[in-house]
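In case you want the letters, here they are:
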Amino acid sequence: MKVMRPINNRISTDTLISEIGVIRSKQQARHILVAGGAGFLGSHLCERLLKLGHTVICVDNFSTGLERNISHLRDYQRFSVIRHDVVDPIDIEVDEIYNLACPASPPHYQADPVHTMKTSVFGALNLLELAACTGARIFQASTSEVYGDPLVHPQVEGYWGNVNPFGPRSCYDEGKRSAETLFFDFHQRYDVEIKVARIFNTYGPNMRPDDGRVVSNFIVQALKGQDITIYGDGSQTRSFCFVDDLIEGFQQLMATEPSFTGPVNLGNPGEFTILELAEQVIKLTGSSSKTIRKPLPTDDPQQRRPDISLAQHKLGWQPLVPLSTGLERTICYFDRLLTLEAHEWVGTA
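Attention here is on the structure that accompanies the text. Keep in mind the model is a prediction, meaning the values are calculated, not measured.

Re the packing of aromatic side chains
Consideration 1: Applying the stated criterion across every chain yields a total of eight aromatic pairs.
Consideration 2: Relative to Phe-139, the ring of Tyr-98 lies with its centre 5.1 Å away and its plane at 40°, an arrangement referred to as tilted. Highlighted residues: Tyr-98 in strand β4 (residues 96–99) and Phe-139 in strand β5 (residues 137–143), separated in sequence by 41 residues.
Consideration 3: With relative accessibility at 1%, the residue Tyr-98 sits in the buried group.
Consideration 4: Pairing Tyr-147 with Tyr-159 gives two aromatic rings, centres 6.0 Å apart and planes at 15°, and the pair type is stacked.

Spelled out as structure tokens, the structure:
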């Protein structure tokens, strides 16, 4: 493919090769491994990649990933599923790797903190070694949790964070920080092409109703007519990014020139208190639920909002879906899911 340039605009060979690589990455069908592909984010990513014409290998141990998230994707001939734990090495020929393998909600990653740390560290190591052997470009789904309970607001990529190294959240927070270290070490020592995204609170269809995250908790409680549990006084803030926006950010980051590694914040800079979120959920569900208060969990951050200037500049990316619209779509998903589960329960009673 020819890259057209004005005749008087000289361009270096390295720049030309880089731009051709970006064009190819956007147009050529590739073999792509998605670790954690049956999870909330992974299932959406698999579907997006299949619709773009790629061959997708979903790798998941199904500890928190769900078959129902990917069952509709099995109609694609270019889709395959491997039940495998990334704590153990894997050998498969691929062009790109997305590492989304790790429990991401506190109840799930705290259930087996040692395995959570192994998944973050050994999983990253095994997939990086695969990338080094195959020449694949590799994406790391890191997290805003690397900033801990931040003393800088909003959080920028250059901030090193305020993280407790041995608290109840440390297996996840420090595991993800260690994984970032491995990614950059492999990039510097072995010239592996890496892309590191720091994901802020994301929500949408395919979330588990029992994952313990605030959006799913509030929606499920409201739909069931239960009291909505607010930890602390509800003044702590979060930003909420709809899953479609986030997956678009993944694609834009993966298509950047090899020299751009990240880390880059991906999230919605709109900031809401937890109490405001609860009020929106009650309004949109038409629920009669009341709010109740419980003590704030240990190390729960008081403020969380991304500075996305780097993503806007380097990726041309910013979220487009308003919170109310995203919540409506997520509520519809959970309403259908809870109705289906109720029918299945009655059928087996």
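Having seen the model, we can carry on.
Digging into the environment of Val-192
Consideration 1: Positionally, Val-192 belongs in the loop between α6 (170–190) and β6 (194–199).
Consideration 2: Those residues in contact with Val-192 that lie beyond four places of it in its chain are Leu-128, Ala-131, Ala-132, Ala-136, Ile-138, Phe-186 and His-187.

Quick look at helix α9 (residues 274–285)
Consideration 1: When the terminal C-alpha atoms of α9 are compared, their 17 Å separation across twelve residues agrees well with the 16 Å that a helix rising 1.5 Å per residue should span.
Consideration 2: Turning to α9, its buried residues number three or more, namely Ile-274, Leu-277, Ala-278, Val-281 and Ile-282. An end-on view of α9 places all buried positions within 135° of arc, on one side of the element.
Consideration 3: In the segment just after α9, Gly-286 is the residue with positive phi, at about 65°.

Conventions adopted
- Residues numbered from 1 in each chain as written.
- Predicted model: local features only at pLDDT ≥ 70, side-chain atom pairs only at ≥ 80, totals over all residues.
- Heavy atoms only, no water.
- Phe/Tyr/Trp six-rings, centres within 6.5 Å; stacked < 30°, edge-to-face > 60°.
- Helix = DSSP H or I, 4+ residues; strand = E, 2+ residues; numbered from the N terminus.
- Buried < 20%, exposed > 50% of the residue type's maximum accessible area, 1.4 Å probe, protein only.
- Contact = heavy atoms within 4.5 Å.
- Expected span 1.5 Å × (residues − 1).
- Arc of directions from axis to C-beta.

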